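Architecture at a glance
Each chain, written out:
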Amino acid sequence: LIVIISLFLHLQCLAYKSINLKYNPLKSNKNQIKLINRLYMSDVDSTSIPIPKTDELTSRQRALKGKSWLRCRPISIGGIAGANVVPNDYFQSLVDTSDAWISKRTGIRSRHFIEEGSTLRNLAITAAEEALKRASIDSKEIDLVIVATSSPDDLFGDAAFVANAIGATNAASFDITAACSGFLFSIVTASQFIQSGAYKKAIVIGADALTRFLDWSDRSTCILFGDGAGAIILEATSDEESGFLGFALHSNGQGSCDLDLKFKSKFEALNNDQKTVVDQGQYGKMTMNGASVYKFAVNEVPNVVNEALANAGLVASDIDWLLLHQANIRIMEHAADCLGIPMSKVLRNVHEYGNTSAGSIPLALAEAVREGK
């Protein structure tokens, strides 16, 4: 059982979510892994009462109908980061910081930026192609392509371009914008299409290049982010089989002021006889209240984890692997401690890639699968 948790404050809303999945790689049916995806934790101590693992029948009986045991499962994963590796030392001549300061507070030692000549679409396509290759699936079998991103190459969306590039010419495609939570929102969205019977196979891609919107004089943000993408393939299952065990989604727009990337209006008159005034502004730079975001994360994760587990009819002791949004190692340590999970069971790559937003979870999951976890 893998628990995946994603944290984010995004534009006008602050969202958190949890998802439970059972991963069944095509190459090894014996190596079935139940995955539970999850978001932010509070100070509830779930370790105080020892609870045995739950058998499947009991879980299904306890589960909340509509938010659990969906008829779909992930069958393949792929991931890639930007090729330009930037270690902490590179920031010492840019802002008042050091490798020791960054790594102690965040766990980050390096991050990857998109190199000159590459695009976010390139990363998304590469991740999707890896997932297709691993699953040995013809891209024309894909019915749905969702790209989760807040930094697209085209504001009209990247999903249709990516779908065409990978040969998924029979698929419907669209983007979802939900910052760091975008990948999990997209998995839940795709699962509903599959659960309803509308589609049988879907690719969900999380991809972001938030370095495009960083203020390189702001130490609180510029050291944290990298560029990356990951893709997962979901397929329909029978009524008796489920690989998506449960989820919980919430949003809180009160926190939008703590992490945003706003459009800055600039009204100017056109050079016509009427001097028509139009908005000629552009998007600005990311701003973040790090203390508030951190407090939100450590306070809310246990609540939504417990809710997602309850929806699935499971308990914390059922968890074998914990995968959180790769933002800060201290948040991960707090989450694991609250759930009674040793750090040896926490999947993490924040030290290498930093925070890749919507690419964070699938990129970490892809690495874990490659390592046989």
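Preceding this paragraph is the structure being described.
Description of the structure in this document.

Calculation notes
- Residues numbered from 1 in each chain as written.
- Predicted model: local features only at pLDDT ≥ 70, side-chain atom pairs only at ≥ 80, totals over all residues.
- Heavy atoms only, no water.
- Helix = DSSP H or I, 4+ residues; strand = E, 2+ residues; numbered from the N terminus.
- Buried < 20%, exposed > 50% of the residue type's maximum accessible area, 1.4 Å probe, protein only.
- Contact = heavy atoms within 4.5 Å.
- Areas by Shrake-Rupley, 256 points an atom, 1.4 Å probe, with all protein chains shown as cover.
- Axes fitted to C-alpha atoms, helices over the stretch in contact; angles between N-to-C directions.
- Left-handed = near helix turned anticlockwise from the far one by under 90°.
- Nonpolar A, V, L, I, M, F, W, Y, C, P; charged D, E, K, R; others polar.
- Pairing = 2+ DSSP bridges.
- Patch = residues over 30% accessible without salt bridge, like charges linked within 9 Å, V, L, I, M, F, W, Y side chains within 5 Å.
- Salt bridge = Lys/Arg side-chain N within 4 Å of Asp/Glu carboxyl O.
- Lys, Arg positive; Asp, Glu negative; His and termini not counted.
- Charge placed at Lys NZ, Arg CZ, Asp CG, Glu CD.
- Core = buried A, V, L, I, M, F, W, Y, C linked by side-chain atoms within 4.5 Å.

As for the overall build of the protein chain
- Scanning the protein chain from N- to C-terminus turns up ten helices and 20 strands.
- Evaluated residue by residue, the protein chain yields a buried proportion of 55% over its 373 residues.
- Long-range contacts, defined here as pairs at least 24 residues apart, represent 79% of the contacts in the protein chain between residues at least 6 apart.
- Within the structure as shown, the protein chain displays about 15800 Å² of accessible surface, and the carbon and sulfur contribution to it stands at 50%.

Here's the deal with the packing of helix 7 (residues 290-312) against helix 8 (residues 329-339)
- Contact geometry of helix 7 with helix 8 gives a least axis separation of 10 Å together with a crossing angle of 35°. Crossing of helix 7 against helix 8: the hand is right-handed. Along the contact surface, helix 7 presents Tyr294, Ala297, Val298, Val301, Pro302, Val305 and Asn306, while helix 8 presents Arg330, Ile331, His334, Ala335, Cys338 and Leu339.
- The residue makeup of the contact of helix 7 with helix 8, split by class, is ten nonpolar, two polar and one charged.

Description of the sheet that holds strand 5 (residues 72-81)
- Within the open sheet, the five strands sit side by side as 5-11-10-8-9. Their pairing is mixed. Each having just a single partner strand, strand 5 and strand 9 (172-176) make up the two edges of the open sheet. Neighbour to neighbour, the strand axes of the sheet diverge by 15° on average, direction disregarded.

Things to note about the environment of glycine 246
- Mapped onto the secondary structure, glycine 246 falls in strand 12 (residues 244-251).
- The class for glycine 246 is buried, based on a relative accessible area of 0%.
- In the structure, glycine 246 is positioned 65 residues away from asparagine 311 in sequence and 5.8 Å away in space, judged by C-alpha atoms.

Re a nonpolar patch on the surface
- Taken together, the side chains of Leu155, Phe156, Phe263 and Tyr283 define a hydrophobic patch exposed on the protein surface, amounting to about 540 Å² of accessible area.
- Along the chain, tyrosine 283 turns up in strand 17 (residues 282-283).

Observations concerning a positive patch on the surface
- A cluster of like positive charges, contributed by Lys104, Arg105, Arg219 and Arg330, occupies part of the molecular surface.
- Residue placement: lysine 104 occurs in helix 2 (residues 99-106).

A closer look at the nonpolar core
- Counting 37 residues, the largest nonpolar core has Phe91, Met286, Leu322 and Leu339 as the members making the most contacts within it.
- When residues of this core are traced back to their parent elements, those giving at least two are helix 7, strand 19 (321-324) and helix 8.
- What phenylalanine 91 contacts, discounting residues up to four positions off in sequence, is Val86, Thr97, Arg111, Phe113, Trp216, Cys222 and Ile223.
- Judged by nonpolar contacts, the second largest core, of 28 residues, contains Ile125, Ala131, Ile166 and Ala207.

Remarks on unusual backbone geometry
- Unusually for a residue other than glycine, lysine 275 sits at a positive phi of about 50°.
- For lysine 275, the location among the structural elements is in the loop between strand 15 (267-269) and strand 16 (277-279).
- For lysine 275, a relative accessible area of 46% translates into the label partly exposed.

Digging into the pattern of salt bridges
- Summed over the entire model, instances satisfying the criterion amount to twelve salt bridges.
- Its salt-bridge partner being arginine 109, residue aspartate 99 comes within 3.6 Å of it at the nearest N-O pair. Here aspartate 99 is found in helix 2, whereas its partner arginine 109 is found in the loop between helix 2 and strand 7 (110-113), with ten residues between them in sequence.
- Glutamate 371 is the salt-bridge partner of lysine 373, the closest N and O atoms lying 3.4 Å from each other.
- Shared partners join several salt bridges into a network, and the residues in it are Arg73, Glu235 and Glu241.

The quantities given are spatial measurements derived from coordinates; they are silent on function.
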